[in-house]
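Next come the chains, spelled out residue by residue.
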Amino acid sequence: PSCVPNPESVHTCLAETSWKLKDFAPVRDSCRRALAILAQGAGIPKAYAAVFVLWIFQSVAAEERSWGEVRAALHCARQMVAKIEAASGETCDEALPHRRLLRRMQRLCGVVPLSHDEMCIANLDLGLPSLDSSGWHVSAGRR
């Protein structure tokens, strides 16, 4: 809706309402529309709104057990938070809410079922030792 000053807010509210009603298809649609509008904007408030929309999207994907979408939403949110921190400085207090929401998304991904290969990659990303399919430890340099 172009008649309101922040149309992404309308889509975000629609997404939240549909989520509460357990009507998941409109949630995805509203999230995509909000993200498309937010991608055209700039600034920390728009970035936070984008991370928030990604959190809604991820939460719905988790309820539907769409684990690929859960991880994809986290990946996008990580990129967004990294850009915010790079633009504003890592010690910037303005990035704190973004990091909190990102941690919430990471916790949700911590309960996502992974295949053996995905688990190995996730462990490597976290700097943890991992076993390849033959039972050998995989070093961080090998993928």
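Not measured: the values here are computed from a predicted model.

Conventions and cut-offs
Residues numbered from 1 in each chain as written. Predicted model: local features only at pLDDT ≥ 70, side-chain atom pairs only at ≥ 80, totals over all residues. Heavy atoms only, no water. Helix = DSSP H or I, 4+ residues; strand = E, 2+ residues; numbered from the N terminus. Buried < 20%, exposed > 50% of the residue type's maximum accessible area, 1.4 Å probe, protein only. Areas by Shrake-Rupley, 256 points an atom, 1.4 Å probe, with all protein chains shown as cover. pLDDT = per-residue confidence, 0-100. Contact = heavy atoms within 4.5 Å. Expected span 1.5 Å × (residues − 1). Arc of directions from axis to C-beta. Patch = residues over 30% accessible without salt bridge, like charges linked within 9 Å, V, L, I, M, F, W, Y side chains within 5 Å. Salt bridge = Lys/Arg side-chain N within 4 Å of Asp/Glu carboxyl O. Lys, Arg positive; Asp, Glu negative; His and termini not counted. Charge placed at Lys NZ, Arg CZ, Asp CG, Glu CD. Core = buried A, V, L, I, M, F, W, Y, C linked by side-chain atoms within 4.5 Å.

Enquirer: I keep staring at the overall build of the protein chain and nothing clicks. Help me out?
Expert: When its secondary structure is counted, the protein chain shows six helices and two strands. Traced from its N-terminal end to its C-terminal end, the protein chain shows the element sequence α-α-α-α-α-α-β-β. Within the protein chain, buried positions represent 35% of all 143 residues. Accessible area of the protein chain: about 8700 Å², with a carbon and sulfur share of 58%.

Enquirer: For this particular structure, what's the right way to read the confidence of the model for the protein chain?
Expert: Where the model shows low pLDDT, its predicted coordinates should not be examined in detail. Confidence in the prediction for the protein chain averages 77 pLDDT; 70% of positions are at 70 or higher. Every residue in residues 132-143 is under pLDDT 50, and counting partners more than four places away or in other chains gives 19 contacts.

Enquirer: Looking at this structure, how should I read helix H1 (residues 7-20)?
Expert: Given 3.6 residues to a turn, an α-helix orients residues that are three or four positions apart in the same direction. Its 14 residues give H1 an end-to-end C-alpha distance of 20 Å, which sits within 8% of 20 Å, the value for a rise of 1.5 Å per residue. For H1, every residue scored as buried is listed here: Pro7, Glu8, His11, Thr12, Ala15, Ser18 and Trp19. Each buried residue of H1 lies within a common arc of 145 degrees when the element is viewed along its axis, so the set occupies one face. Just beyond H1, the residue with positive phi is Lys22, at close to 60 degrees.

Enquirer: Looking at this structure, how should I read the environment of Arg99?
Expert: With respect to the helices and strands, Arg99 occurs in helix H5 (residues 96-109). Taking the C-alpha atoms as reference points, Arg99 and Val51, 48 residues apart in sequence, are found 9.5 Å from one another.

Enquirer: Would you take a moment to explain a positive patch on the surface for this structure?
Expert: Residues Arg100, Arg103, Arg104 and Arg107 make up a contiguous surface patch of positive charge. Checked against the element boundaries, Arg107 lands in helix H5.

Enquirer: Can you walk me through unusual backbone geometry in this structure?
Expert: Backbone geometry places Lys22, a non-glycine residue, at a positive phi of 60 degrees. Take Lys22: it is sitting in the loop between H1 and helix H2 (24-38). Residue classification places Lys22 among the exposed positions, given a relative accessible area of 52%. Phi at Arg65 takes a positive value of approximately 60 degrees, unusual for a residue other than glycine. In this structure Arg65 comes out as exposed when scored by relative accessible area, which is 60%.

Enquirer: Just to check I follow, could you spell out the nonpolar core for this structure?
Expert: Burial of nonpolar side chains together is a common tendency in soluble globular proteins. Grouped together as the largest cluster of nonpolar side chains are 28 residues, with contacts concentrated most on Trp19, Val27, Cys31, Trp55, Ile56 and Met105. For this core, the secondary-structure elements that each account for two or more residues are H1, H2, helix H3 (44-63), helix H4 (67-88) and H5. The element contributing the most residues to this core is H3, with eleven residues. Residues in contact with Ile56, not counting those within four places in the same chain, are Thr12, Ala15, Glu16, Trp19, Val27 and Cys31.

Enquirer: Any chance you could explain the environment of Glu8 here in plain terms?
Expert: Examined against the element boundaries, Glu8 turns out to sit in helix H1. Between the C-alpha atoms of Glu8 and Ala50, which are 42 residues apart in sequence, the distance is 9.3 Å. When sequence neighbours within four positions are dropped, the list of residues in contact with Glu8 reads Ala34, Ile37, Leu38 and Lys46.

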